[in-house]
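Chain by chain, the residues:
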Amino acid sequence: MITGLNREPTISLDSKSGTPMDQNEHNHWGSHAKGQCASRSELRIILVGKTGAGKSAAGNSILRKQAFESKLSSRTLTKTCSKSQGSWGGREIVIIDTPDMFSWKDHCEALYKEVQRCYLLSVPGPHVLLLVTQLGRYTSQDQEAAQRVKEIFGEDAMGHTIVLFTHKEDLSGGSLMDYMRNSDNKALSKLVAACGGRICAFNNHAEGRNQDDQVKELMDLIEDLLMEKNGEHYTNGLYSLIQRSKCGSVGSDQKLKEFKESLIKYMETQRSYIALAEANSLKRALIKTQLCVLFCIQLCLRLLILSLCVLHSMCTLFCCLLFSMCNLLCSLLFIIPKKLMIFSRTVIRLERRTPRL
């Protein structure tokens, strides 16, 4: 079970990242680290997706505490990337919540700062990206957010991504797999396929045993993903840049400038890569369509030839049969008169031989 304290938090700074954190949480994890040597390294999870999908609430459900501000509101509550910790099965969990940086269409300074902050909080790289979306409401905004995730973290990050659906209660006890099989949302199906079919659902209002069960389901899915990746976290060139910057003595403004320039180039490269992949996918689809059309034409021609052969055979058989019947009729026409003549001659002979009284 994930540990966490329910007392009113006091604000302190995380010594690793400089981010605000719960003082009780800081004391808890400090004593935990001193008193026990963890058998496994920390598990880093980044919550991504469009604003309002329930990222913060999902993070609270996983950590079993109000680590991130979450409530029904018409405005975005999460203003900046934040980090909180917990544990599950003896393993430390680090969750990074993200603001509305996957919906910004303009590449403003705030976007670059938040992306840099997200990278700093998840150094040396996340084990899992949880792409949060609401069940039954995967819209064009969700598609744009998923596209931005690829641009910010890279196309390869989909190999470390799990699609987490919120509002699990809307399934009414049904199966999430059945929901996906029956879904006609092609964009959602394409996203799930890109993530290796890894999906999970949360009811962020669940409590007690139900909450534990859904967290366990997610953690089992994460363990399977880590086994598939040999326990390795995701990384890219930007994480390497962040790590080099942390070790250097360059000022924060200069670091942000370098990161911004690298991020712009990285996002442009990813957009080109994604566009090329989509073009190749379209090209493959067109080739498959052409092959299918050619196959259908070939099949139709074969069926036409076969039909003509069958028709020719039937016509030949009919002609042969007609010829045979005509031949038989002609033969009968010749035989019958001949037989009648013979019969009449026989009758005449008999009449001549028979004496008259």
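Per an unreviewed UniProt entry, the protein chain goes by GTPase, IMAP family member 2 and derives from Rhinopithecus bieti.

Caption draft 1: Highlighting the packing of aromatic side chains. A complete count under the given rule lists 4 aromatic pairs for this structure. Taking 5.6 Å as the distance between ring centres and 65 degrees as the angle between the ring planes, the aromatic pair formed by Tyr119 and Phe259 counts as edge-to-face. With a gap of 140 residues between them, Tyr119 in helix α3 (residues 109-121) and Phe259 in helix α9 (residues 252-353) connect regions that are remote in the sequence. An identical accessibility class is assigned to Tyr119 and Phe259; each is buried. Ring geometry for Phe165 against Tyr179: centres 6.3 Å apart, planes inclined by 80 degrees, an arrangement best described as edge-to-face.

Caption draft 2: Geometry of helix α4 (residues 140-153). With 14 residues, α4 extends 20 Å between its outermost C-alpha atoms, agreeing within 8% with the 20 Å of an ideal straight helix rising 1.5 Å per residue. Along α4, the residues classified as buried are Asp142, Ala145, Ala146, Arg148, Val149, Lys150, Glu151, Ile152 and Phe153. Gly154 lies just past α4 and shows a positive phi near 105 degrees.

Caption draft 3: Layout of the sheet that holds strand β3 (residues 43-48). Spatially, the 6 strands line up as an open sheet ordered β4-β5-β3-β6-β7-β8, and their pairing is mixed. The sheet terminates laterally at β4 (82-88) and β8 (199-201), the two strands that pair on one side only. Adjacent strand axes in the sheet meet at a mean angle of 25 degrees when their direction is disregarded. Bridging between strand β6 (residues 128-134) and strand β7 (residues 161-166) involves 6 bridges; their strand directions are parallel.

Criteria and cut-off values
- Residues numbered from 1 in each chain as written.
- Predicted model: local features only at pLDDT ≥ 70, side-chain atom pairs only at ≥ 80, totals over all residues.
- Heavy atoms only, no water.
- Phe/Tyr/Trp six-rings, centres within 6.5 Å; stacked < 30°, edge-to-face > 60°.
- Helix = DSSP H or I, 4+ residues; strand = E, 2+ residues; numbered from the N terminus.
- Buried < 20%, exposed > 50% of the residue type's maximum accessible area, 1.4 Å probe, protein only.
- Expected span 1.5 Å × (residues − 1).
- Pairing = 2+ DSSP bridges.
- Axes fitted to C-alpha atoms, helices over the stretch in contact; angles between N-to-C directions.

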